[in-house]
Amino acid sequence: MAVRFGVGYDVHRLVINRKLILGGVEIPFIKGLMGHSDADVLCHAFADALLGAIALGDIGKHFPDTDPRFKDVSSLVLLQHVAQLIADRQFGIINLDATVILQQPKIAPYVKRMRENVSRALGISIDQVSVKATTSEELGFVGTGDGAAAYAIAALESLPPPAK
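Residues numbered from 1 in each chain as written. Predicted model: local features only at pLDDT ≥ 70, side-chain atom pairs only at ≥ 80, totals over all residues. Heavy atoms only, no water.

J.: Requested: an account of the pairing of strand 5 (residues 91-101), with residues and values cited.
T.: Relative to strand 7 (residues 147-158), strand 5 is paired through 10 bridges, and the arrangement is antiparallel. Directly across from Phe91, in strand 7, lies its bridge partner Ser158. Looking at chain direction, strand 5 and strand 6 (residues 129-134) are connected through 6 bridges and run parallel. Note that in strand 6 the partner of Ala98 across the bridge is Val131. After leaving strand 5, the chain enters helix 4 (residues 111-122) and then returns to the sheet as strand 6, a path that is right-handed. (Pairing = 2+ DSSP bridges. Helix = DSSP H or I, 4+ residues; strand = E, 2+ residues; numbered from the N terminus. Right-handed = clockwise from strand over helix to strand, strands pointing away.)

J.: Could you give me a rundown of the nonpolar core, with the residues and numbers involved?
T.: In terms of nonpolar packing, the biggest core is built from 51 residues, with Leu22, Phe46, Leu50, Leu79, Leu96, Met114 and Leu122 touching the most fellow members. Contributions of two or more residues to this core are made by strand 2 (20-22), strand 3 (25-27), helix 1 (41-53), helix 3 (75-88), strand 5, helix 4, strand 6 and strand 7. For this core, the element with the highest residue contribution is helix 1, accounting for 10 residues. Aside from chain neighbours lying at most four places away, what touches Leu79 is Cys43, Phe46, Ala47, Leu50, Val118, Ala121 and Leu122. (Core = buried A, V, L, I, M, F, W, Y, C linked by side-chain atoms within 4.5 Å. Buried < 20%, exposed > 50% of the residue type's maximum accessible area, 1.4 Å probe, protein only. Contact = heavy atoms within 4.5 Å.)

J.: Any chance you could break down the pairing of strand 7 for me, citing the residues and the numbers?
T.: The sheet contact formed by strand 1 (residues 3-16) and strand 7 spans 11 bridges and is antiparallel. Across the sheet, the residue bridging to Val11 is Ala149, located in strand 7.

J.: Outline the sheet that holds strand 7, listing residues and values.
T.: Spatial strand order, 4-1-7-5-6: 5 strands in an open sheet with mixed pairing. Edge positions in the sheet fall to strand 4 (31-33) and strand 6, since each of these pairs with one other strand and no more. For this sheet the average axis-to-axis angle between neighbouring strands, irrespective of direction, equals 20°. Across the sheet, helix 1 touches strand 1, strand 4, strand 5, strand 6 and strand 7, and the angle it forms with strand 1 is around 155°. (Axes fitted to C-alpha atoms, helices over the stretch in contact; angles between N-to-C directions.)

J.: An account of the environment of Ile30 is requested, with residue identities and associated values reported.
T.: For Ile30, the position within the fold is in the loop between strand 3 and strand 4. By relative accessible area, Ile30 is classed as exposed at 62%. Separated by 75 residues in the primary sequence, Ile30 and Pro105 have C-alpha atoms spaced 9.4 Å apart.

Below, the structure written as structure tokens:
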């Protein structure tokens, strides 16, 4: 059995008149993340970590922002596609861990729902998905409320070939 790891990072600008969606959860706030899709930095970081673990590039390669099919799409849909790519290559997810960096709002009340959404999209147990949050102590673009970021790591294991 081979174990592989991937690291993901995503960042988006916070703007007025957009929904703030993290882990597929809409969080009430005056600003939301700008992007071609729903701009869910958490799901995007998870997707990049998973794609990196199977050496398939990044989400920009698979879901380009020039493709109208992905305009305003839920990033949970993108994760479902990534899950299929993983299964097609005979790998399974061991676990995912992410940190969201956001000055405000506080997201702790929404973390369980985020974990549920991500685990459902990927077809894994909620116990395989960790989501944490922190601020940047009012430093940089996150600290001034101009954006949000997320880091993620994924661990995958090779699966035995299907029985014939």
